[in-house]
Each structure stands twice: as structure tokens, then as C-alpha cells.
Amino acid sequence: MKRPPIQIPETTDRVLLHTCCAPCSSAIIEWMMQNGITPTLYYYNPNIYPEREYEVRKQECMRHAKALGLQQVDAEYNHADWKCGIKGLEKEPERGLRCLECFKIRLLHAARYAQENGYKVLTTTLASSRWKSLEQINEAGEWACAQTGVVWWGQNWRVGGLQERRNTLLKENNFYNQTYCGCEFSIRPESENTTL
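These notes cover the structure that comes with them. Only a predicted model underlies this, so the values are computations on that prediction, with no experimental measurement involved.

## Remarks on the nonpolar core
Grouped together as the largest cluster of nonpolar side chains are 46 residues, with contacts concentrated most on Trp-31, Met-32, Tyr-42, Leu-122, Trp-153 and Trp-157. Among the secondary structure elements, those contributing two or more residues to this core are strand E1 (15-18), helix H1 (22-34), strand E2 (40-43), helix H4 (97-116), strand E4 (121-124), helix H5 (134-146) and helix H6 (162-172). Apart from the residues lying within four places of it in its own chain, the contact partners of Trp-157 are Ile-6, Ile-28, Trp-31, Met-32, Thr-123, Thr-124, Ala-127, Ser-128 and Leu-162.

This is the structure we're talking about:
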């Protein structure tokens, strides 16, 4: 079965890549650079808990960005604000309304940064995880970009062999690979943990 190709937006001179972690971003960044796109990485993930987990993931992203000579923007970490944003959705299942709201919070923050700093296109590494709903991610991205005038690049970053390449790069770069999405509501008992 032929896989659908990755669609490149009309303009790629200023791409902001919202990144959640080094493993998920590695194959996407590699593909972009091979196709003449030099993204700026935007690390905004106030959902991640506890803070030491947030720091480990951030440092891995920074290490990867530095090795590739890419700029990474380190946005604020305010877990308390994020919890206020998803209040009442704590018991939602994975891929439920809590996840959609989480994506909206993070992608609106990224879209506003893009608008304020002259980036024309926004996409996210969240769309590389098989554990996430691509429909929710695109809904959140389109919603965020509609408010800012930035172009949403709603790409399924699991296609074109990128999922397999992600796994190879994870091992080659010895990346820290988390076992849960990030928020405390997604932490499963040790016996149920699955590497993302």
C-alpha cells in the first residue's frame, strides 16, 4: 500500500515547529532539513509533570537542537496555569476532551509567538505520536492559527517512514524516551507503561 506523501505548504521560509520531545521531533526535523526547511523549535509544554520530567525533556530537545545548529525557543513553564485551563477535565480518558483542550492551550501559545515574531507557518511534533488523535491536533492547530493569521501545517508526521526513522534516531542519539504523555493524568501504573 502506497503511503500518502508529506505535503509541503506554499511558504516554508519561516516555520515554527512546536516540539514536545526529542524523540518525536528528530525524524521530522531531519525530513524538514533534507527538504530545505530550517525550523525554529518552540518548546512549550506546561502540561508536563513533574517539573523534573519537564526539564529532562527540554534538555534533550536543546541538546538535539544544538547538535543540528537550530534555534530553540524555551517558553515558560507554568503548570498551575495549565491545570486551570483543563479544570473539570481531569477524569477525561486519553484522547478525550482534556487532550483537545491541552493541545489548544499549547498551540495557541505557539501561534501567538509565531505571529509576534514573523513566523508564517506553524506545525507540531504532537502529530507524530500514535498515542494522540490527529483529528484533535489538527482541530486545535486550525483553531489557534485562525486567531493569529499564521498558516497551520496540519501534517500527519507518522507517514513516509518517519515513524520508523524516529525509532532509529532515538537509538542513535540515545534520547531519553518517556513512558507517558506528560501530564499527571496520563501516568499509568508501572506495569502498564508503554514507551511512546
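Picking up where we left off.
## A closer look at the environment of Tyr-77
Here Tyr-77 lies in the loop between strand E3 (72-74) and helix H3 (79-85). Residues Tyr-77 and Tyr-176, spaced 99 residues apart in sequence, show a C-alpha to C-alpha distance of 20 Å. For Tyr-77, the residues in contact, after removing those within four places along its chain, are Asn-45, Pro-46, Ile-48, Tyr-49, Pro-50, Glu-51 and Tyr-54. Within polar-contact distance, the side chain of Tyr-77 engages the backbone oxygen of Ile-48 at 2.7 Å.

## Points about the pattern of salt bridges
If you walk through the whole model with that rule in mind, you get 8 salt bridges. Of the charged contacts in the structure, one is a salt bridge between Glu-55 and Lys-58, with a shortest N-O distance of 3.5 Å. With a gap of 3 residues between them, Glu-55 and Lys-58 both fall in helix H2 (residues 51-68), about one helical turn apart. Assessed through its relative accessible area of 9%, Lys-58 is described here as buried. Notably, a salt bridge pairs Lys-83 with Glu-184, separated by 3.3 Å at the nearest N-O pair. Residue Lys-83 is located in helix H3, and its partner Glu-184 is located in the segment after H6; the two are separated by 101 residues in the primary sequence. When salt bridges with common partners are traced through the structure, they connect Glu-30, Arg-165 and Glu-172 into a single cluster.

How each quantity is defined
- Residues numbered from 1 in each chain as written.
- Predicted model: local features only at pLDDT ≥ 70, side-chain atom pairs only at ≥ 80, totals over all residues.
- Heavy atoms only, no water.
- Core = buried A, V, L, I, M, F, W, Y, C linked by side-chain atoms within 4.5 Å.
- Buried < 20%, exposed > 50% of the residue type's maximum accessible area, 1.4 Å probe, protein only.
- Helix = DSSP H or I, 4+ residues; strand = E, 2+ residues; numbered from the N terminus.
- Contact = heavy atoms within 4.5 Å.
- Polar contact = N/O pair within 3.5 Å; in protein donor to acceptor, adjacent residues only side chain to side chain.
- Salt bridge = Lys/Arg side-chain N within 4 Å of Asp/Glu carboxyl O.

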